[in-house]
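Below, each chain spelled out in residue letters.
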Amino acid sequence: MTSRTLRDLPGVDALELKALMKPRFADPDMPEGLEEIDALSVALFGLSLEAAEETERPSDWDRIERLAPSDMVELFEAEGWDVTDKKRKPLRLLPHLALPLALAMRGVAGELPFVAEPDVKETDWGSNLAAEASRFRKR
């Protein structure tokens, strides 16, 4: 399964750096950067943090947003999302972005941002074919 990476989405890495430099920025209880995190959620998923909280969830909802960040990592990975930093630790923003991401990726509310697929490496079959044709003509 192809994995999408949360930290590679526009704006996530910049706010993650702020949270690294100033831990209170993304503090799960009283984040100083709540307005910026909320704006990021709206930009990425079309859902404010408040709108995500107020969204009615399906009856089989697994409450992924209420788990410990380390447990969230496993569940998001099972659904094709890498929500870790470069050292494979949960992103500091994860407690805030988990619910909007989960709602969007499961099609309940909001939407996932468009990310173009990486370019496919072109094969050199054309040059090989030309070389084969040249050898054939020489026979």
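Look a little higher up for the structure.
Residues numbered from 1 in each chain as written. Predicted model: local features only at pLDDT ≥ 70, side-chain atom pairs only at ≥ 80, totals over all residues. Heavy atoms only, no water.

S.K.: I'd like to hear about the overall build of the protein chain, residue by residue, with values.
M.R.: Helix and strand counts for the protein chain come out as 6 helices and 2 strands. Ordered by position in the sequence, the α and β elements of the protein chain form the string β-α-α-α-α-β-α-α. Pairs at least 24 residues apart make up 62% of the contacts formed inside the protein chain by residues separated by at least 6 positions. A total of about 9300 Å² of accessible surface is found on the protein chain, and carbon and sulfur atoms cover 53% of it. (Helix = DSSP H or I, 4+ residues; strand = E, 2+ residues; numbered from the N terminus. Contact = heavy atoms within 4.5 Å. Areas by Shrake-Rupley, 256 points an atom, 1.4 Å probe, with all protein chains shown as cover.)

S.K.: Run through a nonpolar patch on the surface, naming residues and quoting values.
M.R.: Judged by side-chain polarity, Leu-17, Leu-20 and Met-21 come together as a nonpolar surface patch covering roughly 330 Å² of accessible area. Counting through the fold element by element, Met-21 comes out in helix H1 (residues 12–21). A relative accessible area of 65% means that Met-21 is categorised as exposed. (Patch = residues over 30% accessible without salt bridge, like charges linked within 9 Å, V, L, I, M, F, W, Y side chains within 5 Å. Salt bridge = Lys/Arg side-chain N within 4 Å of Asp/Glu carboxyl O. Buried < 20%, exposed > 50% of the residue type's maximum accessible area, 1.4 Å probe, protein only.)

S.K.: Go over the packing of H1 against helix H2 (residues 34–45), please, and point to the residues and values.
M.R.: Where H1 meets H2, the closest approach of the two axes is 11 Å, and the angle between their N-to-C directions is 160°. Our classification of the angle between H1 and H2 gives roughly antiparallel. Crossing of H1 over H2 shows left-handed handedness. Contacts from Val-12, Leu-15 and Lys-18 of H1 reach H2 at Glu-36, Ile-37, Leu-40 and Leu-44. Here the contact of H1 with H2 is composed, by residue class, of 5 nonpolar, no polar and 2 charged. (Axes fitted to C-alpha atoms, helices over the stretch in contact; angles between N-to-C directions. Parallel < 35°, antiparallel > 145°, perpendicular 65-115°, else oblique. Left-handed = near helix turned anticlockwise from the far one by under 90°. Nonpolar A, V, L, I, M, F, W, Y, C, P; charged D, E, K, R; others polar.)

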